[in-house]
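Coordinate inspection notes
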Amino acid sequence: MAHIFDVGKYSKGMENAGGIYHEKQIPNLCGLHAVNNILQGRVFTRDEFDRVAQQLDQQERSMGMTFAPGEGNYRGDGFYNVTVLQRTLQARGFQMDPVVSGDWKKDAEKHAHEMGFIFNKDQHWFCYRRIHDEWFLINSTQYRPVHFLSRELGSAVNFAVSDGFGVFTVRGNFPPCALEGNQAKLEEAVKGSGGSGPVIIKFAGSGHTLGGGSSAPKAAPTYVEIPCDMCAGQGKIEGIGTCPACNGAKCTKEERAPVPVAAAAASGAPKELVVDDSKPKTRVQLQFPDGSKKAEEFNLDHTVGDLRGVCSKMVGQAVKVKGGFPPKDLEDDTQTLEAAGLKGARVTVALA
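One structure accompanies this document, and this report is about it. (Residues numbered from 1 in each chain as written. Predicted model: local features only at pLDDT ≥ 70, side-chain atom pairs only at ≥ 80, totals over all residues. Heavy atoms only, no water.)

1. Re the overall build of the protein
- For the protein, the helix and strand inventory stands at 8 helices and 15 strands.
- Out of the 352 residues in the protein, the part that is buried amounts to 45%.
- The long-range share in the protein, meaning contacts at least 24 apart out of those at least 6 apart in sequence, stands at 62%.
- Carbon and sulfur atoms form 51% of the exposed surface of the protein, whose accessible area is close to 17,300 Å². (Helix = DSSP H or I, 4+ residues; strand = E, 2+ residues; numbered from the N terminus. Buried < 20%, exposed > 50% of the residue type's maximum accessible area, 1.4 Å probe, protein only. Contact = heavy atoms within 4.5 Å. Areas by Shrake-Rupley, 256 points an atom, 1.4 Å probe, with all protein chains shown as cover.)

2. Details of the pairing of strand 11 (residues 281–287)
- Along strand 11, 5 of the 7 residues are buried, which leaves the element largely enclosed by surrounding structure.
- As paired elements, strand 11 and strand 12 (residues 293–299) share 7 bridges and run antiparallel to each other. The partner of lysine 281 across the bridge, within strand 12, is asparagine 299. (Pairing = 2+ DSSP bridges.)

3. Quick look at the nonpolar core
- Formed by 35 residues in total, the largest nonpolar core has its most connected members in Ile118 and Trp125.
- Looking at this core, the elements with two or more residues in it are helix 1 (30–39), helix 2 (46–62), helix 3 (82–91), strand 3 (124–131), strand 4 (134–138), strand 6 (166–171) and helix 6 (183–192).
- Here this core takes 6 residues from helix 1, the largest share from any one element. (Core = buried A, V, L, I, M, F, W, Y, C linked by side-chain atoms within 4.5 Å.)

4. Notes on helix 5 (residues 153–162)
- With 8 of 10 residues buried, helix 5 lies mostly within the body of the structure.
- The set of residues buried in helix 5 consists of Leu153, Gly154, Ser155, Ala156, Val157, Asn158, Phe159 and Ala160.

5. Quick look at helix 3
- Restricting attention to buried positions, one finds in helix 3 the residues Val84, Leu85, Thr88 and Leu89. Taken down its axis, helix 3 places every buried residue within 125° of arc, on the same side.
- As for helix 3, its buried residues are in contact with helix 1, helix 2, strand 1 (95–98), strand 2 (116–121), strand 3 and strand 6.
- For helix 3, the N-terminal cap is asparagine 81; the gap from its side-chain oxygen to the backbone nitrogen of threonine 83 is 3.1 Å.
- Glycine 93 lies just past helix 3 and shows a positive phi near 90°. (Arc of directions from axis to C-beta. Polar contact = N/O pair within 3.5 Å; in protein donor to acceptor, adjacent residues only side chain to side chain.)

6. Quick word on the pairing of strand 3
- With 8 of 8 residues buried, strand 3 lies mostly within the body of the structure.
- Alternating residues of strand 3 divide into His124, Phe126, Tyr128 and Arg130 and Trp125, Cys127, Arg129 and Ile131, and every residue in both groups is buried.
- Remark: 2 residues form the turn of the hairpin made by strand 2 and strand 3, two consecutive strands paired antiparallel; aspartate 122 in that turn has positive phi of roughly 55°.
- Relative to strand 4, strand 3 runs antiparallel, the two being bridged by 5 bridges. Within strand 4, the residue paired with tyrosine 128 across the bridge is leucine 137.
- Where strand 3 folds back onto strand 4 in an antiparallel hairpin, the turn is made up of 2 residues, including histidine 132, whose phi is positive at roughly 55°.

Okay, here's the thing in C-alpha cells:
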C-alpha cells in the first residue's frame with residue numbers, strides 16, 4: 001500500500017516573511033503545493049486530488065482504455081498530471097489554461113493582469129503569484145519565495161514556454177490573501193523574498209500608497225544593470241535551471257528615477273576608489289536611507305571598508321552598511337567583498 005503523507009504535520013513554517021503562504025515539499029506532492037501556493041492558503045487537500053484522479057481513471061477505463069499501475073491519473077506516490085490539476089481546480093470554479101508564447105512585449109502587458117501562473121517541467125510543479133503589483137515565484141523545493149518585478153514577467157513566461165516548460169494561467173475567484181491591503185506586511189514579504197521597497201499598493205486611478213500621495217512617475221527614468229532579482233545574480237535557480245527572468249544573463253535593467261542621494265552621487269566629487277578592469281569585478285546594489293538605489297561597481301578584492309567609504313561620500317556623513325540574507329551589519333572593514341559574500345549583492349545603507 002502506498003505511503004500516505006499527512007500534510008497537516010507539515011503546516012508549521014509554511015508562512016514566509018510578511019505572512020506569504022508557502023507550502024514546502026512533501027515528496028511528489030508538488031502539484032498540490034503549487035495549487036495551494038498560488039491560491040495563498042490550504043484550499044485543497046490530497047484527498048480531493050486523489051478523488052479526482054481516481055474518477056478520471058474510472059472514466060477512461062469505461063471507455064476501454066487500459067494502463068499499467070502507476071501510469072494512470074492516480075499515482076500512489078502523490079504526483080498529479082495536468083489533467084488532474086485542471087479538473088480539481090475546475091471543481092472549485094477555477095480555469096487552468098495553457099499559455100502560448102508570442103511577442104513578449106505584448107504578452108508582458110497581458111500577463112501583468114493575471115493573478116498567477118502554474119509551471120511544470122520534468123514532473124515538478126511550481127507557481128508565480130501576483131499580490132498587487134508584486135510578483136513571487138513560490139516553489140515548494142525552495143526555502144523561501146523569490147520576489148521579482150512586473151517588467152520581468154513577460155520575458156520570464158515566454159522564455160519558460162520556449163524552453164519546454166508547461167505554463168498555465170489560473171483564473172477564477174481567488175480567496176482573500178492576508179497580504180492584500182496590508183502595505184507593511186506586503187513590504188515585509190517582498191524584502192523577505194529578496195526584493196526591496198518601497199511597495200506601492202494601487203487603488204483605482206493612478207495609484208496611491210496607503211499613506212497618501214500619488215505613485216505616478218514624476219520624471220523620465222534612467223536605467224542601470226543590477227543583479228537579477230529572481231536568481232540573485234546567479235543565472236540559475238535551484239529546481240528550475242536557467243533563470244526565466246534574465247535568461248541566464250545574471251543581470252536585469254532597473255529603472256532609476258532621479259532622487260536626492262543618487263543625484264548627488266552622480267554629480268558629486270570624483271571617488272578615490274579605482275576599479276581595476278583587469279581584476280574580477282562585481283556590481284553591488286546600494287539602497288540609501290531616503291529609499292533611492294544605485295548600482296556601484298567594485299573589484300572583488302575591494303574591502304568592506306572601501307564600500308563603506310564610497311557610501312559615506314555619497315551620503316555626506318558616516319554610515320552603517322548591512323548585507324547578506326537575512327541582512328546583518330558589516331563591521332569588519334578589512335574583509336574583502338568576495339569573502340563577505342557581497343558578489344552581486346544588495347547592501348542597505350543607514351546613517352551611523
